[in-house]
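Each chain is listed here by its residues.
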Amino acid sequence: MSLLPGLILIEPRVFTDERGYFFESWSKAKYDELLGPVEFIQDNESKSVKGTLRGLHYQREPFAQAKLVRVIEGSVFDVAVDIRPGSATYGQWAGLELSGENKRQLYIPKGFAHGFLVLSDTAIFSYKVDAPWNKDSEAAIRWDDPTIGIEWPMAVGEMILSEKDRVAPLL
């Protein structure tokens, strides 16, 4: 799997036995080593049903957000699109499966649009952000923008989108 520059995949060490599992989902010292100093200020969580596509969302400056995302339960196809002006990978995307089972986390820096598609019956999605939500800074790119060409792993007829995401502008 190939990620775009700036995206960081974290595969935490998970301890399992007959009782279940344990892993450190966040440690400031360890994650500062991996990501550089990031000051997350808020945790968000959503629960969605199969076929729900949320995205592609981002916030414009001065409220642009870095995110650390993971799935607590279920499975999603997670996507980040490089929208950094002047970037060599501008308009390119990376996608990977995040699930409650694989415990992967994806760090998405400022300058990327983000979205996910729920693959399981339901999914609980969690993310940390380093800037507050700001209605006036909120923005989106249409999920099916042909210049980006995301290969979503589900038929369009099975997807559930908000009206806002359905009519978002092209990149």
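Residues numbered from 1 in each chain as written. Predicted model: local features only at pLDDT ≥ 70, side-chain atom pairs only at ≥ 80, totals over all residues. Heavy atoms only, no water.

Undergrad: Help me out: how do you make sense of the sheet that holds strand β4 (residues 42-49) in this one?
TA: Think of a sheet as strands paired side by side through backbone hydrogen bonds, with each pair either parallel or antiparallel. The five strands lie next to each other as β1-β9-β6-β11-β4, forming an open sheet whose pairing is antiparallel. Two strands close off the open sheet at either side, each with one partner strand: β1 (8-10) and β4. The average angle at which neighbouring strand axes cross in this sheet is 25°, direction not considered. Bridge count for strand β6 (residues 67-73) against strand β9 (residues 105-108) is four bridges, and the pairing is antiparallel. Across the sheet, arginine 70 pairs through a bridge with glutamine 105, a residue of β9. (Pairing = 2+ DSSP bridges. Helix = DSSP H or I, 4+ residues; strand = E, 2+ residues; numbered from the N terminus. Axes fitted to C-alpha atoms, helices over the stretch in contact; angles between N-to-C directions.)

Undergrad: How should I be thinking about the pattern of salt bridges in this particular structure?
TA: Using the criterion set out here, one finds 11 salt bridges in the structure. The salt bridge partner of lysine 30 is glutamate 24, with a shortest N-O separation of 3.0 Å. Residue glutamate 24 is classed as partly exposed on the basis of its relative accessible area, which comes to 37%. In this structure, a network of salt bridges that share partners links the residues Lys28, Asp32 and Glu39. (Salt bridge = Lys/Arg side-chain N within 4 Å of Asp/Glu carboxyl O. Buried < 20%, exposed > 50% of the residue type's maximum accessible area, 1.4 Å probe, protein only.)

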